[in-house]
Every structure is written in C-alpha cells, then in structure tokens.
Amino acid sequence: MSGHPEIDDLEQLAAGDGLAATVAHVEGCPECAQEVAWAKAEKALFARRAQPDVSALWTGVEQRLGQALPQKQKRRPNWHRPFAALASAAAAAAVLLFALRPKPIAPASSSQVAQNQNQPQSAQTQPGQQTGQPQPGPHQRSHLDPKTLAALDTAETDYRHAASVLEAEYDSLRPKLDPAMAKRWDETLTRARTQLGESRAVAADDVRARMRVLDGYAEYLRSLRDVIQDSEEATP
Amino acid sequence: MENGPETAELLTRARAGDAEAFRVIFHRQAPGVRRFLGDLLRDDAAADEGTQETFVRAHQRLGTLEQPGALTGWLLGIARMVFFEHLRKKRRDGLPPANDDDSQPIQIDRSPGPEAALLAGEAERMLDGALQTLTEDRRSALLMRLDHDLGYGEIATAMGWSLPKVKNEIHRARLQLREQLTPYLEGRS
C-alpha cells in the first residue's frame, strides 16, 4: 500500500466496520472519502433491489432430480421409528463426539483454552465450518493425545456397528421391494458408503477430519433409517 | 460469510441423498442465484430456467464443494456457466445476444418524477440500466461483489481469474457504474 488504503479496507469502512488507521486516513483524504461515499451509495442501491420469488422453481428442480432423490424422504424428515439399540449406540457416540469437539481445536495457550470453554455451545466450531479463526496446522495434527484418538476410534466403531445392524435390516426387506425402488436406494447408500470410505481414508489421524467422518456416519445412519422406513411401508 | 454452521450439516445430509436438506439449501440460495441470472440474462423465463438448471447441476456436483462457506460463490460460478451456455444457444439459434458492448450508450429514463416513485422504482431502474452497460464478465464480477457480498478471493475462484484481475475488473466496473449513476445521484441531492 502506498499512501491510500486498499479498496477492501475502504469498503469495510463504508459498511461501518473500518479499521482505526483507515478512518484516520479517510478523514484527511478527500479522494478516499469520496470512494467511501460511493461505496455507501452503491451498497444502498443494491440493498433496495427486490428479492425474486423462487417458490415456484423448486418443483421443477425436484422433478429433474426425481431419479436421484428418494421420493418419500422429503415428506418425512424426522425419525420416528424406535431403533432403540441403534439409537443408544449413536447417542453414545454423539455424546463422546460432543465432549471431544473443543479439545483438538484449542490452541496451546491456557487463556485461549479457558476462553473456548466459556463459549456457548452454539458458537463452537463445527467440522468443516469456516470461522475466520486460525485452522489447526499439521504440527497440531501430529500432537494428538492417544486418549483423543482412542475415543474417536470408539465412536467410529459404535457408528459402524449401528450401520451394520441397519444394513442387515434393509437387506432382509430388500427382496420384497419393487426392483426399481431397491435399485435407487442401493445407489444412494452405495454413494454414501463410498463418500464415507473416501473421507475416512484421507482423514488419517486429523481430528477435525475424523469428526467430519463421524458426522458422515450420522447422516448415513439417517439415510438407512429412512430407507428402512420406506421399505417397511412399501412391503405388503 | 452468510453460511452458518447449519450449511455444513445441510451439505453433508444433501450429499448423503437427503432431499429435504437440498430443498432447504435451494430455498436459501435460489433468490440470490435467480437475481444474478436475471441481471445477466435480462429474461425472466430464461432466468427461472437457468436457476433450476444451476441447482440440478449443483446437486450432481455437491461432492466437489470442499468448503461450506464457499457455497454462494460456487453456485454463482455454476450459474455463470449456465448463462454462457444459454448465450451460445441463443447465438446458434440466431437470436440477438445480450448487450455486451462496452461502448454502447446507456438507455436510461432520466425524467424527474415524484419522490415516492424515485425511492420505489427509479433507483432500481437506473442501477439496472447502468449494469447493462457493462460487459458480461465485468457485470458478473461486480454483482458478485456488490450484490452478493462475495470476497475478492471467492470471486477469483468463481470467475477463474487471478486476484489482481478481479480487483482491476471490479474497479473498472465501478467507474463505469458511477459514470452512469452520477447524474441520478446528483439530481437527487
């Protein structure tokens, strides 16, 4: 930067969130003050624009995706079936996952650790989420304590066990299904399994990646649950 | 970034075949995609069709989106490809292409009107007219920045440009836009 601030900084100031140095510069620089005024005017003009109504467009998308999306899934997003044993396995894993979340992300500084522990649950970082916070570097990945890794292994085992029980359930229902429907579900589950396998393969001992894999398992279980529900309803 | 923690979860579910999750993503993102395509295509029916096509393609490629926070830019990048394909088809079919001539004079109604009308419609009409004086690429980049709040880096990814080129094009687009809007804004003050 030679003299004037970057345009990003001036835009930030126009949005009401400027750095002190930028504010000070703009106060004494008519050229930059004009730039900020324009940026404000542009923002105001764009903010006035009407939001288009897209409510009618989803039907067309849904129809075109009809081959790929299980039809009943969209009508029944909630899990009502009492898969008690599986739910408890998944819940145990989820509790474990929750307990582990802050640990691998927290930096070494004790003050920052304390700060993280004081954060409300909703503000904590989720796997794969961009927060603007520094991401853990490779050196942090290699310094994981064995207890954390062991806990992750246990959670993953729980999920795998739950998945195997649900897969067996689906296998028992499948022969009674319409072949086209069974084929579609097979494809959905195969895709999910493939993505899980690939994610797990690259995750190695990276805690954040491992947690994303657990999230993937949770979603896979939900898909299996929906497939079984639909299979039972479709079976006479 | 407009994508909260829920977006990551929705994307994971959508990738696993959850139609409801993809429907939620659609309803959050489609208004922006539709407005972007409307600004590029200048044709409501084509913009509706383009929005649907964008989301069908997005669904097929969900696995390629690595960062949930980049969802909006990723979708606008797909929408831009859909727009170019539409243009190519129009040209093949012999229909007149959209205005992509930088030097073409602006067609704006500058007649004065009541303040209420100014507030309600004239500003948008002026902006709309001014946007049409920009080339398609330049317009896309400017809209991504000013209308969709994408960062310069995200725009570079969506457009396939270098960061300096993004900054340069947006700077030029702004100068053109300001040149067109100055009479209106001065008239209002």
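Located above this text is the structure these notes cover.
Fair warning: this is a prediction, and the values are worked out from it, not measured in the lab. (Residues numbered from 1 in each chain as written. Chains lettered and ligands numbered in written order. Predicted model: local features only at pLDDT ≥ 70, side-chain atom pairs only at ≥ 80, totals over all residues. Heavy atoms only, no water.)

*Asks:* Could you clarify how one ought to interpret the overall build of chain A in this entry?
*Replies:* When its secondary structure is counted, chain A shows 11 helices and 0 strands. When the helices and strands of chain A are read in sequence order from the N terminus, they spell out α-α-α-α-α-α-α-α-α-α-α. Partitioning the intrachain contacts of chain A with sequence separation of at least 6 by distance along the chain shows that 74% fall at a separation of at least 24. Accessible surface for chain A amounts to roughly 13,200 Å². Of this, 55% is attributable to carbon and sulfur atoms. (Helix = DSSP H or I, 4+ residues; strand = E, 2+ residues; numbered from the N terminus. Contact = heavy atoms within 4.5 Å. Areas by Shrake-Rupley, 256 points an atom, 1.4 Å probe, with all protein chains shown as cover.)

*Asks:* Hey, could you run me through the pattern of salt bridges in this one?
*Replies:* Between side chains of opposite charge, pairing is possible as soon as their charged atoms come close. In this structure the tally under the stated criterion is 29 salt bridges over all chains. With its nearest N and O atoms 2.5 Å apart, the salt bridge here joins A:Arg49 to B:Asp39. Of this pair, A:Arg49 sits in the loop between α3 (30-47) and α4 (57-64) while B:Asp39 sits in helix α2 (residues 19-41), each in a different chain. Of the two residues examined, A:Arg49 and B:Asp39, each falls in the buried class. For the salt bridge of B:Arg28 with B:Glu6, the shortest nitrogen-to-oxygen distance reads 3.4 Å. Placement of B:Arg28 in helix α2 and of B:Glu6 in helix α1 (residues 5-15) is noted, with a sequence separation of 22 residues between them. Its relative accessible area of 46% is what places B:Glu6 among the partly exposed residues. One network of salt bridges, in which partners are shared, links A:Glu11, A:Glu35, A:Glu42, B:Arg145, B:Arg174 and B:Arg178. (Salt bridge = Lys/Arg side-chain N within 4 Å of Asp/Glu carboxyl O. Buried < 20%, exposed > 50% of the residue type's maximum accessible area, 1.4 Å probe, protein only.)

*Asks:* Where do I start with the environment of A:Val61 in this structure?
*Replies:* Structurally, the position occupied by A:Val61 is in helix α4. If we skip the residues at most four places from it in the chain, A:Val61 touches B:Phe22, B:Phe26, B:Gln52, B:Phe55 and B:Val56.

*Asks:* Explain helix α7 (residues 152-159) of chain B here, please?
*Replies:* What α7(B) keeps buried is the set B:Tyr152, B:Ile155, B:Ala156, B:Ala158 and B:Met159. Around the axis of α7(B), the buried residues are gathered within 170° of arc, so they sit on the same side. (Arc of directions from axis to C-beta.)

*Asks:* For this particular structure, what's the right way to read helix α3 (residues 44-60) of chain B?
*Replies:* Every α-helical turn comprises 3.6 residues, leaving residues that sit three or four positions apart pointing alike. Residue and element names in this part refer to chain B. Here α3 contains 17 residues, and its C-alpha end-to-end distance of 25 Å stays within 8% of the 24 Å for a straight helix at 1.5 Å per residue. Listed in full, the buried residues belonging to α3 are Ala46, Ala47, Gly50, Thr51, Gln52, Glu53, Thr54, Phe55, Val56, Arg57, Ala58 and His59. The N-terminus of α3 is capped by Asp43, whose side-chain oxygen sits 3.1 Å from the backbone nitrogen of Ala45. (Expected span 1.5 Å × (residues − 1). Polar contact = N/O pair within 3.5 Å; in protein donor to acceptor, adjacent residues only side chain to side chain.)

*Asks:* Looking at this structure, I do not really get the packing of aromatic side chains. What am I missing?
*Replies:* One pass over the full model with this rule turns up 5 aromatic pairs over all chains. Measuring from ring centre to ring centre gives 6.1 Å for A:Trp58 and B:Phe22, while their planes differ by 50°; the resulting arrangement is tilted. A residue pair is termed interchain when its members come from two chains, as with A:Trp58 in helix α4 and B:Phe22 in helix α2. Look at A:Trp58 and you get buried, because its relative accessible area is 7%. On the basis of relative accessible area, B:Phe22 is assigned to the buried category, the value being 1%. Ring centres of B:Phe26 and B:Phe55 lie 4.8 Å apart, and the angle between their planes is 70°; on these two criteria the pair is classed as edge-to-face. Of this pair, B:Phe26 sits in helix α2 while B:Phe55 sits in helix α3, and the two are 29 residues apart along the sequence. B:Phe26 sits in the buried class, given a relative accessible area of 0%. (Phe/Tyr/Trp six-rings, centres within 6.5 Å; stacked < 30°, edge-to-face > 60°.)

*Asks:* Which parts of the structure should I look at to understand the state of the cysteines?
*Replies:* Should the sulfur atoms of two cysteines be covalently bonded, the bond is a disulfide. Residue and element names in this part refer to chain A. Evaluated as defined, the whole model comprises 0 disulfides over all chains. For Cys29, which is in no disulfide, the shortest distance to another cysteine sulfur is to Cys32 and amounts to 3.6 Å. Taking the relative accessible area as the measure of exposure, Cys29 reaches 9% and is therefore buried. (Disulfide = S-S within 2.5 Å.)

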